[in-house]
Amino acid sequence: VSDLTLAELEGKRVFVRADLNVPLDENQNITDDTRIRAAVPTIKYLISNGAKVILSSHLGRPKGVTPKFSLSPLVPRLSELLGIKVEKADDCVGPEVEKLVSALPNGSVLLLENVRFYKEEEKNEPEFAKKLASLADLYVNDAFGTAHRAHASTEGVTKFLKPSVAGFLLQKELDYLVGAVSSPKRPFAAIVGGSKVSSKIGVIESLLEKCDILLLGGGMIFTFYKAQGLSVGSSLVEEDKLDLATSLMAKAKEKGVSLLLPTDVVVADKFAADAESKIVPASAIPDGWMGLDIGPDSIKTFNDALETTKTVIWNGPMGVFEFDQFATGTEAVAKKLAELSGKGVTTIIGGGDSVAAVEKVGVANVMSHISTGGGASLELLEGKELPGVNALDEASVSVAV
Ligand code: 3PG
């Protein structure tokens, strides 16, 4: 977006697709405004250069027009962060919206209603994309969290609006999740957690090609333990992924990647916040007990392995961190990454639960990059191309941060 000069933006109608899909409580209060704050730099840049911003997003997964999925509750926070009064349309296409757009002064923002109120959005219907496009002169995609969806407002619209460029947030996400991961400063460590190995296969396989050290945690480790012939008690195991776990360990060896599994675990007598728990070696999980976190020896081993790294990417918790007594491993990783960040290590937090963990520990602001995308960041880390990004490449506009 910074490639667009002042002359190109002054008085221009710019369609900005952001991902303002924020959580709301039952009273329609925003419980986490991260995605709104992340969208601000691009919008501010555009309005400060005299553009008329037509801001579009989805919220939730509505089936047709559903008041509880309206974008109206976002207007006060957006206005506050941008320092101007943001106007809001009751629709995202049609004559009323056109009227509001034509009345926009330079340097203003009109927030369109939830674009998913139209089923044509997710179906990526060209006629609908054309209607969205007809509102504006150029297109900026800053909706990283939705870039893995080929929808009308993320992909279809680019066919009708030239130029179509990336916003600052989208560009930053690509710089870190693709750039820093593909050409990392080494040693490069990847920390992958989460409950199931099946949901992280693509990420592990792709990172094994790039990293020097791979640390595994979370529920998925029990599938690896079992594949090694260890007893896992009543821990979560994906029986149909035992061979896969074995082949991932073999692949790590073949690639010269140092793959570390936790050496001890916190086991519990039930899956509950108030469960009875104890620390046992990974090789001695008793029958009837389930592993819910990594233990202190593992934390130490992981911290030592991370000590000399120059780039670290983290995706997925080390344990059931929603329960305080099983949050220690996940919090220890967050703290270690914060410490490394302070020493100039590039620290990247890829989406979802690990972001929540970093926020819970209060170290979000010190990380090099925290992704705003869950599914989108996973797909990028798996090495997939994102339709919302590819559509911009097709428009062949190079964008610098
Ligand atoms: C997300 O929250 O991951 C994005 O906003 C995408 O939402 P979706 O999964 O409903 O497409």
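Our subject is the structure that appears above.
The present account deals with the structure reproduced in this document. Note that the structure is a prediction, hence the values are computed from the model and not measured.

Brief notes about the nonpolar core
Counting 68 residues, the largest nonpolar core has Leu112, Leu132, Leu214, Leu216, Phe224, Tyr225 and Ile313 as its most contacted members. Non-local contacts of Leu214, meaning those with residues more than four positions away in its chain, are made with Ala190, Val192, Ile204, Leu208, Val257, Ser258, Leu259 and Leu260.

A few points about the packing of aromatic side chains
One pass over the structure, following the stated rule, counts five aromatic pairs. A cation over an aromatic ring shows up here: Lys278 above the ring of Trp289, its NZ or CZ 4.3 Å from the ring centre.

With respect to the pattern of salt bridges
Pairing between side chains of opposite charge can happen when the charged atoms of each approach one another. In total, this model carries 24 salt bridges according to the counting rule given. Residue Arg17 is joined to Glu121 by a salt bridge in which the shortest nitrogen-to-oxygen separation is 3.7 Å. Of this pair, Arg17 sits in strand S1 (residues 13-17) while Glu121 sits in helix H5 (residues 119-123); the two residues are 104 residues apart in sequence, bridging distant segments of the chain. Neither residue differs from the other here; Arg17 and Glu121 are each classed as buried. Lys384 is paired through a salt bridge with Glu382; the nearest N and O atoms lie 3.0 Å apart. Since its relative accessible area comes to 44%, Lys384 is described here as partly exposed. In this structure, a network of salt bridges that share partners links the residues Asp33, Arg37, Arg77 and Glu80.

Some details on the site of the ligand
Surrounding the ligand, one finds Asp19, Asn21, Arg35, His58, Arg61, Arg116, Gly145 and Arg149. The separation between an oxygen atom of the ligand and a polar side-chain atom of His58 is 3.0 Å. Side-chain polar atom of Arg149 to an oxygen atom of the ligand: 2.6 Å apart, as the coordinates give it. Isolated, the ligand exposes 310 Å² of accessible area, and the fraction of that covered by the protein chains is 84%. Of the residues contributing to the shell around the ligand, the split by class is no nonpolar, three polar and five charged.

Comments concerning the sheet that holds strand S15 (residues 369-370)
In spatial order, the strands read S9-S8-S7-S13-S14-S15; together these six strands make up an open sheet with parallel pairing. Strand pairing shows two members of the sheet lacking a second neighbour, strand S9 (258-260) and S15, which therefore form its edges. Sheet analysis places strand S7 (residues 188-192) next to strand S8 (residues 213-216), joined by four bridges and oriented parallel. Paired with Ala189 across the bridge in S8 is Ile213. Its contacts with the sheet put helix H13 (residues 353-361) on strand S13 (311-315), strand S14 (346-349) and S15, and the angle it makes with S13 is roughly 110°.

Calculation rules
- Residues numbered from 1 in each chain as written.
- Predicted model: local features only at pLDDT ≥ 70, side-chain atom pairs only at ≥ 80, totals over all residues.
- Heavy atoms only, no water.
- Core = buried A, V, L, I, M, F, W, Y, C linked by side-chain atoms within 4.5 Å.
- Buried < 20%, exposed > 50% of the residue type's maximum accessible area, 1.4 Å probe, protein only.
- Contact = heavy atoms within 4.5 Å.
- Phe/Tyr/Trp six-rings, centres within 6.5 Å; stacked < 30°, edge-to-face > 60°.
- Lys NZ or Arg CZ within 6 Å of the ring centre and 35° of its normal.
- Salt bridge = Lys/Arg side-chain N within 4 Å of Asp/Glu carboxyl O.
- Helix = DSSP H or I, 4+ residues; strand = E, 2+ residues; numbered from the N terminus.
- Near = heavy atom within 4 Å.
- Polar contact = N/O pair within 3.5 Å; in protein donor to acceptor, adjacent residues only side chain to side chain.
- Areas by Shrake-Rupley, 256 points an atom, 1.4 Å probe, with all protein chains shown as cover.
- Nonpolar A, V, L, I, M, F, W, Y, C, P; charged D, E, K, R; others polar.
- Pairing = 2+ DSSP bridges.
- Axes fitted to C-alpha atoms, helices over the stretch in contact; angles between N-to-C directions.

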